[in-house]
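What follows is the residue order along each chain.
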Amino acid sequence: METIKKGSFIPLYGAVEAVKINTFEMDVYPVTNADYLEFVKKYPKWQKSVVIKLFADKNYLNEWVSDTIYNVSFKPNSPVTNISWYAAKAYCECQNKRLPTIDEWEYVAMANESQIDARKVKSYNDYILSWYEKPKTNVNEIGSTYKNYWGIYDLHGLVWEWTADFNSIMLGGESRGDGGQDSNLFCGSASIGASDLMNYAAFMRYAMRNSLKANNTSKNLGFRCVK
């Protein structure tokens, strides 16, 4: 883990004034297939054949060959995916850690190699948007992207990542199906509410998070822990 020193920033949504971030530690890399394999061996209730369906949809670990064997094409050091929010939360808690908040994640992820806040740097945003267009980046190994200002790898370039409060911004309810949902959320016009219109890459992350339910899984969605 690396220490993220306290600071403040104005996020894309959810605050008019700067949000304060207290000092915390973040995993340098996303949780890997090998990491998660050890977890399900130690905590069998999270194995795919027995996991409670309330806590994970039908695609949970769906590309694993069995409860304790992942696909032979998977690399041990690639990020684990097809993990629900419930499972990610449980994993972190079993490590005496937790999932990062949206604000913590975005605070660290707004850094490039040399700047704490690179959100207005064109090359930074171009890099993120180009990654969004690339297929199957989840099969790449951890550490294959750049190390940012804080010493953290792979916040952009491998997989999307769960946060503790993933659907707390812009929605009045808990899921995509909520009746109070902003009707503009899933189209480009929703970015008119952004505090920085240049940062469309971040807008896409907020929109993606709000499309999720806690039991959802995706081959492009992983996680890392903080404390």
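Located above this text is the structure these notes cover.
Residues numbered from 1 in each chain as written. Predicted model: local features only at pLDDT ≥ 70, side-chain atom pairs only at ≥ 80, totals over all residues. Heavy atoms only, no water.

1. A word on the overall build of the protein
Going by this rule: Only DSSP runs of H or I with at least four residues qualify as helices, and only runs of E with at least two residues qualify as strands; both kinds are numbered from the N terminus onward. Summary of the burial criterion: residues with accessible area below 20% of their type's maximum are buried, those above 50% are exposed, and those between are partly exposed, where the area comes from a 1.4 Å probe applied to protein chains only. Should any heavy atoms of two residues lie within 4.5 Å, those residues are counted as being in contact. Residue-level accessible areas treat just the shown protein chains as cover; the underlying method is Shrake-Rupley with a 1.4 Å probe.
Counting its secondary structure elements, the protein contains five helices and six strands. For the protein, the α and β elements follow one another from N to C terminus as β-β-β-β-α-α-α-α-β-α-β. Put simply, the protein has 227 residues, and 49% of those count as buried. Within the protein, residue pairs in contact and separated by at least 24 positions form 71% of the contacts whose partners lie at least 6 positions apart. Here the protein has roughly 11,000 Å² of accessible surface; of this, 51% comes from carbon and sulfur atoms.

2. Overview of the packing of helix H3 (residues 102-109) against helix H5 (residues 200-210)
How we decide: Only the stretch in contact is used when a helix axis is fitted, and all axes are lines through C-alpha atoms; the angle between N-to-C directions ranges over 0 to 180 degrees. Working definition: roughly parallel below 35 degrees, roughly antiparallel above 145 degrees, roughly perpendicular at 65 to 115 degrees, and oblique for all remaining angles. In this scheme the crossing of two helices becomes right-handed for a clockwise turn of the near helix relative to the far one and left-handed for an anticlockwise turn of less than a right angle. Three classes are used: nonpolar for Ala, Val, Leu, Ile, Met, Phe, Trp, Tyr, Cys and Pro, charged for Asp, Glu, Lys and Arg, and polar for all others, with Gly counted as polar.
Interaxial distance between H3 and H5 falls to 12 Å at its minimum, and their mutual angle equals 155°. Relative to H5, the element H3 is oriented roughly antiparallel. Two packed elements cross with a definite hand, and for H3 against H5 that hand is right-handed. Every residue of H5 that contacts H3 at Ile102, Trp105 and Glu106 is listed here: Ala202, Arg205, Tyr206 and Arg209. Per-class residue counts for the contact of H3 with H5 are four nonpolar, no polar and three charged.

3. A closer look at H5
Extensive coverage of H5 is indicated by the burial of nine of its 11 residues. For H5, every residue scored as buried is listed here: Ala201, Ala202, Phe203, Arg205, Tyr206, Ala207, Met208, Arg209 and Asn210. Considering only its buried residues, H5 is in contact with H3, helix H4 (122-132) and strand E5 (160-161).

4. Digging into the pattern of salt bridges
Worth spelling out the cut-off: For this document, the term salt bridge refers to a Lys or Arg side-chain nitrogen within 4 Å of an Asp or Glu carboxyl oxygen.
For the coordinates displayed, the defined rule picks out nine salt bridges. Glu104 serves as the salt-bridge partner of Arg98, at 2.9 Å between the closest nitrogen and oxygen. Taking the relative accessible area as the measure of exposure, Arg98 reaches 32% and is therefore partly exposed. Assessed through its relative accessible area of 9%, Glu104 is described here as buried.

5. Let's talk about the packing of aromatic side chains
The relative placement of two aromatic rings is captured by the distance of their centres and the angle of their planes. For the record, the criterion: Pairing of aromatic rings covers Phe, Tyr and Trp, the last through its six-membered ring, and needs centres within 6.5 Å; plane angles under 30 degrees mean stacked, over 60 mean edge-to-face, and all others mean tilted. Note on geometry: a ring has a charge over it if NZ (lysine) or CZ (arginine) is within 6 Å of the ring centre and within 35 degrees of the ring normal.
Scanning the entire structure with this criterion turns up 21 aromatic pairs. Here Trp64 and Tyr70 contribute two aromatic rings whose centre-to-centre distance is 5.6 Å and whose plane-to-plane angle is 70°, an arrangement assigned as edge-to-face. With respect to class, Trp64 is no different from Tyr70; both count as buried. Between the aromatic rings of Trp85 and Tyr86, the centroid separation amounts to 5.3 Å while the plane-to-plane angle is 75°, which identifies the pairing as edge-to-face. Residue classification places Trp85 among the buried residues on the basis of a relative accessible area of 15%. Taking the relative accessible area as the measure of exposure, Tyr86 reaches 28% and is therefore partly exposed. The cationic tip of Arg209 hangs over the ring face of Trp105; the distance from NZ or CZ to the ring centre is 5.2 Å. The lysine or arginine in question, Arg209, covers the ring of Tyr206, its NZ or CZ lying 5.4 Å from the ring centre.

6. So, the nonpolar core
Test applied: Among the buried residues, those of types Ala, Val, Leu, Ile, Met, Phe, Trp, Tyr and Cys that are joined through side-chain atoms within 4.5 Å form a nonpolar core.
In terms of nonpolar packing, the biggest core is built from 53 residues, with Tyr36, Tyr60 and Phe223 touching the most fellow members. Among the elements of the structure, strand E3 (19-21), strand E4 (24-26), helix H1 (33-42), helix H2 (85-94), H3, H4 and H5 are those that each provide at least two residues to this core. Top contributing element to this core by residue count: H2, with six residues. When residues no more than four places from it in sequence are discounted, the contact partners of Phe223 are Pro30, Val31, Tyr36, Val80, Ile83, Ala88, Tyr91, Cys92, Leu99, Glu161 and Trp162. By size, the runner-up hydrophobic cluster in this structure holds seven residues, among which are Ile102, Ile169, Ala202 and Tyr206.

7. So, the packing of H4 against H5
Between H4 and H5, whose axes approach to 9 Å, the crossing angle comes to 45°. It follows from the interaxial angle that H4 and H5 lie oblique. Across the interface between the two elements, Asn125, Ile128, Leu129 and Tyr132 of H4 pack against Tyr200, Ala201, Met204 and Arg205 of H5. Within the contact of H4 with H5, the residues separate by chemical class into six nonpolar, one polar and one charged.

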